[in-house]
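An overview of the molecular structure
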Amino acid sequence: MKKPLIAGLLLLVAVGAGLSFKYLNGESLQGSFPPSSSLSMSLRSSPVSSSAVAGTDDHEFTGLTLDCTISTGCTITDLTLQGFLDDEGDNNDWDTSYDSADHSSHLSDAVASVWLVDDSGAVVSDVESVSSSSYQVLFGGLNLTMANGDSMDLIVVGDISSNVYWGGDAEGIAFGVNASTDLVAEDGDGNSVVPSGTVN
């Protein structure tokens, strides 16, 4: 019986931390895929929930920690934050967009814009406006680089309006990351990387 021709077929096999491919007839290794690696995102231990008076400048709202375990490194290019507002003072009715039927206040009336600083306090982004409708903030063109094994802390900072405390109620204000795809990153070879984790 004639032996079937299988020299052109590929078989994926596990090799170390990654995947490599070789021909079924035992020919030499032809190449390999990048090892398993990741970029993770988590809530930073500080700042924690706190109170602030109207008119406070440089208030730290939220912190996130990024961990890169990609051999070629990670570059953060864009980040979208989701803002939250509870203008009734009970921290029980959070809005993620303006709802005129429910509330008369906008998050952007309380915090018009925010920026990012690292754990040393250095500003690492432009000052970006809080959307009056979606309560989102887009940081584009960040170009924040991390080597393999590095961690990076990003803290959301903003000025609180002196006009808050509407209707005699304290306002609840927060910022987070709704989905992992709201952080845009790539590895050192320019390949897109989707981080794991959210901060909200």
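Note: the structure precedes this text.
Summary of the structure given here.

The rules behind the values
- Starting from 1, residues in each chain are numbered consecutively following that chain's sequence as written.
- The model is predicted, so local features are restricted to residues of pLDDT at least 70 and side-chain atom pairs to those at 80 or more, both for listing and for counting; the totals for chains, interfaces and linings are taken over all residues.
- The side-chain quantities take in all heavy atoms of the structure and omit both hydrogens and water.
- Secondary structure counts use DSSP, requiring at least four H or I residues in a row for a helix and at least two E residues in a row for a strand, with both numbered from the N terminus.
- For every residue, the accessible area obtained with a 1.4 Å probe (protein chains only) is divided by the maximum for its type, and the residue is called buried under 20%, exposed over 50%, and partly exposed between those limits.
- Contacts: residue pairs with any heavy atoms within 4.5 Å of one another.
- Here, Shrake-Rupley sampling with a 1.4 Å probe gives the accessible areas, and only protein chains in the shown set may cover a residue.
- Pairs of strands are assigned from DSSP output, requiring at least two bridges between the strands.
- Here a Phe, Tyr or Trp ring, Trp counted by its six-membered ring, pairs with any other such ring whose centre lies within 6.5 Å, and the pair is stacked when the planes are under 30 degrees apart, edge-to-face when over 60, and tilted otherwise.
- In plain terms, two cysteine sulfur atoms within 2.5 Å form what is called a disulfide here.
- Take the buried residues of types Ala, Val, Leu, Ile, Met, Phe, Trp, Tyr and Cys, join any two whose side-chain atoms come within 4.5 Å, and each joined set is a nonpolar core.
- Positive charges come from Lys and Arg alone, negative charges from Asp and Glu alone, with His and the N- and C-terminal ends not counted.
- Any carboxyl oxygen of Asp or Glu that lies within 4 Å of a side-chain nitrogen of Lys or Arg is treated as forming a salt bridge with it.
- We define a polar contact as two N or O atoms separated by no more than 3.5 Å, with the added condition that, inside protein, one atom must be a possible hydrogen donor and the other a possible acceptor, whereas residues neighbouring each other in sequence contribute only through side-chain atom pairs.

1. Comments concerning the overall build of the protein
In terms of regular secondary structure, the protein is built from one helix and 14 strands. Here the protein holds 200 residues, and the buried ones make up 36% of them. Taking all contacts inside the protein whose residues are at least 6 apart in sequence as the whole, residues at least 24 apart take part in 64%. For the protein, the computed accessible surface area is about 10800 Å², with 48% contributed by carbon and sulfur atoms.

2. With respect to the sheet that holds strand S5 (residues 59-68)
If you walk across this open sheet you meet the five strands as S4-S5-S11-S7-S8, and the pairing is antiparallel. With one partner strand each, in any of the chains shown, strand S4 (39-43) and strand S8 (128-129) form the two edges of the open sheet. Where S4 meets S5, five bridges bridge the pair, whose relative direction is antiparallel. Within S5, the position partnered with Leu-43 by the bridge is Leu-64.

3. What about the packing of aromatic side chains?
The geometry of an aromatic ring pair is captured by the separation of the ring centres together with the interplanar angle, meaning the angle of the planes. All told, the structure shown has one aromatic pair when counted by the stated rule. Ring centres 5.3 Å apart and planes at 70° place the aromatic pair Phe-61 and Phe-175 in the edge-to-face group. Of this pair, Phe-61 sits in strand S5 while Phe-175 is found in strand S12 (residues 172-176), placing the two residues 114 residues apart along the sequence. You can call Phe-61 buried: its relative accessible area is 12%. Under the relative-accessibility criterion, Phe-175 is labelled buried at 4%.

4. Some thoughts on the state of the cysteines
Considering all chains together, one arrives at one disulfide under this definition. One disulfide bridge connects Cys-68 with Cys-74, the sulfur atoms lying 2.1 Å from each other. Note on the Cys-68 and Cys-74 pair: the S-S dihedral is about 85°, so by sign convention the disulfide is right-handed. Like Cys-74, Cys-68 is buried.

5. Side note on the nonpolar core
Most often, soluble globular proteins keep nonpolar side chains buried together rather than apart. Membership of the largest hydrophobic core comes to 36 residues, with the highest contact counts inside it found for Leu-39, Leu-66 and Phe-175. The biggest single contributor to this core is strand S6 (residues 74-86), with five residues. With residues up to four places along the chain from it excluded, the contact list for Phe-175 reads Phe-61, Thr-62, Gln-82, Gly-83, Phe-84, Leu-107, Val-111, Val-114, Val-130, Val-137 and Val-156.

6. Overview of unusual backbone geometry
Of note, the phi angle at Asp-58 is positive, near 55°, even though the residue is not glycine. Secondary-structure assignment places Asp-58 in the loop between S4 and S5. One non-glycine residue, Tyr-135, lies in positive phi territory at about 65°. Along the chain, the position of Tyr-135 falls in the loop between S8 and strand S9 (136-139).

7. Some remarks on the environment of Val-53
With respect to the helices and strands, the residue Val-53 is situated in the loop between S4 and S5. Judged by its relative accessible area of 59%, Val-53 is exposed. Each C-alpha atom, one on Val-53 and one on Ser-162, is 8.2 Å from the other, the two residues being 109 residues apart in sequence.

8. Quick word on the side chain of Asp-118
Examined against the element boundaries, Asp-118 turns out to sit in the loop between strand S7 (113-117) and S8. Arg-44 provides the closest opposite charge to the buried, unpaired Asp-118, separated from it by 8.4 Å. Of the polar contacts made by the side chain of Asp-118, one reaches the side chain of Ser-120; its length is 2.7 Å. For Asp-118, the residues in contact, after removing those within four places along its chain, are Val-124, Asp-153 and Ile-155.

9. Focus: the pattern of salt bridges
This model, assessed by the stated rule, comprises one salt bridge. When the shortest N-O distance is used, the salt bridge between Arg-44 and Asp-153 registers 3.2 Å. With Arg-44 in the loop between S4 and S5 and Asp-153 in strand S11 (residues 151-158), this residue pair connects regions lying 109 residues apart in the sequence. Summarising the burial analysis for this pair, Arg-44 and Asp-153 share the class buried.

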